[in-house]
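Here's the letter readout for the chains.
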Amino acid sequence: MESLLFSPAGISCHSSTQTTRVILVRHARTTYNERGIYQGSSDKSVLTKQGHRDAYTTGLALQQYDFDAIYTSPLTRVRQTAKEIIAAAKTSDVPLYVEPKLTEVCMADWQGLSYGEVKEKYPQDYACWQNAPHLFTRDRLNYPVLELYQQANNFWQETLRKHRGETILIVAHGGTNRALISTAIALSPQYYQSLQQCNCGISCLEFSPNSELATLRYLNNTNHLGKTLPKLKAGKTGWRWLVMSDNYVHHELGNSYLDRVLHQNGINLILTDNNRKAQALVNRFQKSSSSALHISTEQRNFLNIWQQTIAVKQKVANSPATSGLFTGLIVVSEELKAQMLRQITNVEAAADSSNCLNVIHYPHAECRAILQGMIPLDSSQNFSIDVRDRAMRLAG
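In this text the structure is predicted, and so the values were computed from the model without any measurement.

Parameters at a glance
Residues numbered from 1 in each chain as written. Predicted model: local features only at pLDDT ≥ 70, side-chain atom pairs only at ≥ 80, totals over all residues. Heavy atoms only, no water. Patch = residues over 30% accessible without salt bridge, like charges linked within 9 Å, V, L, I, M, F, W, Y side chains within 5 Å. Areas by Shrake-Rupley, 256 points an atom, 1.4 Å probe, with all protein chains shown as cover. Salt bridge = Lys/Arg side-chain N within 4 Å of Asp/Glu carboxyl O. Lys, Arg positive; Asp, Glu negative; His and termini not counted. Charge placed at Lys NZ, Arg CZ, Asp CG, Glu CD. Helix = DSSP H or I, 4+ residues; strand = E, 2+ residues; numbered from the N terminus. Buried < 20%, exposed > 50% of the residue type's maximum accessible area, 1.4 Å probe, protein only. Expected span 1.5 Å × (residues − 1). Contact = heavy atoms within 4.5 Å. Axes fitted to C-alpha atoms, helices over the stretch in contact; angles between N-to-C directions. Left-handed = near helix turned anticlockwise from the far one by under 90°. Nonpolar A, V, L, I, M, F, W, Y, C, P; charged D, E, K, R; others polar. Pairing = 2+ DSSP bridges. 1 Å grid on protein atoms, 1.4 Å probe; cavity = no way out; pocket = protein on both sides within 12 Å on 5 of 7 lines; lining within 4 Å. Points joined across faces, edges and corners; volume = space filled by probe spheres on them.

*Asks:* Explanation requested: a positive patch on the surface in the structure shown.
*Replies:* Together, K227, K231, K233 and K236 make up a region of like positive charge exposed at the surface. Structurally, the position occupied by K233 is in the loop between β6 (214-221) and β7 (238-245).

Here it is as structure tokens:
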């Protein structure tokens, strides 16, 4: 069934010599987000005051792009977000399209219920939703995630033909954006829960004129909101891995960003692949914190050591004393970093994280991985400018 429904996006830009760039943004924080309630395709939630501010800040961060078109979901929370972004990014003259195919996944009778209520009342369905979303159904007739993927695939088929070689902005929902990214890089609906989208998180896809698949350039970047790392949506438990290439150890901007990451997030363990460049970062970090355990291993054994570390931690994670969050920093060659990403996403060569810090979360007592973010380290895409301060000054 999946192979028939979900082929790659299937759109090549052979009539253009330019790359088609797509920027995706999830809507800002809403009243339902505040209350921990499933929103789905309902239209009852609206942006909070903080949501409006964050959406405007996101628009400031997106000023660097010259958009040729903007697409939004018809739901109120997304249209409110888009309005703030357009005002801040000064893109009022860019064509705006309200597209029903960007509506969020329909969660049927879960919509309006809290996360806790759903987990308590429907434990088996909830487990299916989390661990086998492609099989999730509430009535044995409709499969929301499969339908969402078909909806996303149809959107790509129609939209990319219109915008070959252009830059477009999509403002939509967490589930919709995950389906859009997944269908663009041929990630199966089985892995729907393996990508994260935070409120106002920014992601980027690029469609090459020589390929039918997109390349994921960065994912769920929230730097512009003053958050060095994406929010831990699955809870502050298990393993969170920060994975970077040793190519960026001496990169000035990369070091500046890493300084903030390392100081704001406690590092419990450092894994390196036994090379001098990686050791240089470890030495620098240990000057300010000597509590992190450092393990260095040969490249040929690294992936096995990493997986064994996860397995051991998850096995003992059932104890209340060990159910907190452990954060590990991994500094390896670009080749090993790419292999790790392929293991998580189960997709070959669909993401280019060479200039990114990858953030990977293994929640408590689970073996599934969530790619929380691919955060750019280069100045043209990391949104490191002080847009948050600018937004506060404008608001004040």
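There is more to say, and it comes next.
*Asks:* Looking at this structure, how should I read the pattern of salt bridges?
*Replies:* Tallied over the entire structure, the rule returns 7 salt bridges. We note a salt bridge from E206 to R21, for which the minimum N-O separation is 3.4 Å. Here the residue E206 occupies a position in strand β5 (residues 202-207), and R21 occupies one in strand β1 (residues 20-26), the gap between them amounting to 185 residues. Taking relative accessible area as the criterion, E206 reaches 13% and is therefore assigned buried. The class of R21 is partly exposed, set by a relative accessible area of 27%. With a closest N to O distance of 2.8 Å, D109 and R138 form a salt bridge. Linking D109 in the loop between β3 (96-98) and α5 (115-121) with R138 in the loop between α6 (123-131) and α7 (144-162), this pair joins segments that are 29 residues apart in sequence. By relative accessible area, D109 is classed as partly exposed at 39%. R138 sits in the partly exposed class, given a relative accessible area of 24%. Each of R21, E206 and R217 takes part in a single network of salt bridges with overlapping partners.

*Asks:* Quick question: what am I supposed to make of helix α8 (residues 174-185) here?
*Replies:* One turn of an α-helix holds 3.6 residues; hence residues three or four places apart share an orientation. Between its terminal C-alpha atoms α8 stretches 17 Å, which fits the 16 Å expected from 12 residues at 1.5 Å a residue. Taking burial as the measure, the 12 residues of α8 include 12 buried ones, the bulk of the element. Among all positions of α8, only G174, G175, T176, N177, R178, A179, L180, I181, S182, T183, A184 and I185 are buried. Tucked inside the fold, the buried residues of α8 contact β1, α7, β4 (167-172), β5 and β6. Downstream of α8 by a residue or two, A186 has a phi angle that is positive, lying close to 65°.

*Asks:* Even after reading the chapter, I still don't get the packing of α7 against α8, so can you show me in this structure?
*Replies:* Any two packed helices are characterised by the angle at which their axes cross and by the distance between the axes. Viewed as axis vectors pointing N to C, α7 and α8 meet at an angle of 65°, and their least axial separation amounts to 9 Å. The handedness of the crossing between α7 and α8 is right-handed. Of the residues in α8, those in contact with L148, Y149, A152, N153, F155 and W156 of α7 are G175, T176, R178, A179, L180, S182, T183 and A184. Looking at side-chain class alone, the contact of α7 with α8 contains 8 nonpolar, 5 polar and 1 charged residues.

*Asks:* Mind showing me how you'd approach the pairing of β7 here?
*Replies:* In regular strands, side chains alternate between the two faces of the sheet. Burial of β7 is extensive: 8 of the 8 residues sit out of reach of the surface. Taken together, the 8 bridges between β7 and strand β10 (residues 325-332) define a ladder with parallel strand orientation. Following the sheet pairing, L242 is matched in β10 by L329. Both β7 and strand β11 (residues 356-362) contribute to a ladder of 5 bridges, which runs antiparallel. The partner of W241 across the bridge, within β11, is I360.

*Asks:* Is there a simple way to explain the layout of surface pockets in this structure?
*Replies:* Over the atoms, a rolling probe the size of a water molecule traces out where space has been left empty. Taken as a whole, the largest pocket encloses approximately 1,200 Å³ of empty space. Forming the boundary of the largest pocket are 43 residues, of which R26, Y115, R178, K233 and A234 lie nearest the centre. Of the residues forming the lining of the largest pocket, the biggest block, 4 residues, is contributed by α6. Across the lining of the largest pocket, the residue classes tally to 14 nonpolar, 16 polar and 13 charged. Empty space within the second largest pocket amounts to approximately 250 Å³. Listed by contribution, the elements that provide at least two residues to the lining of the second largest pocket are α6 and α12 (334-345). Its residues assigned to classes, the lining of the second largest pocket comprises 5 nonpolar, 7 polar and 1 charged.

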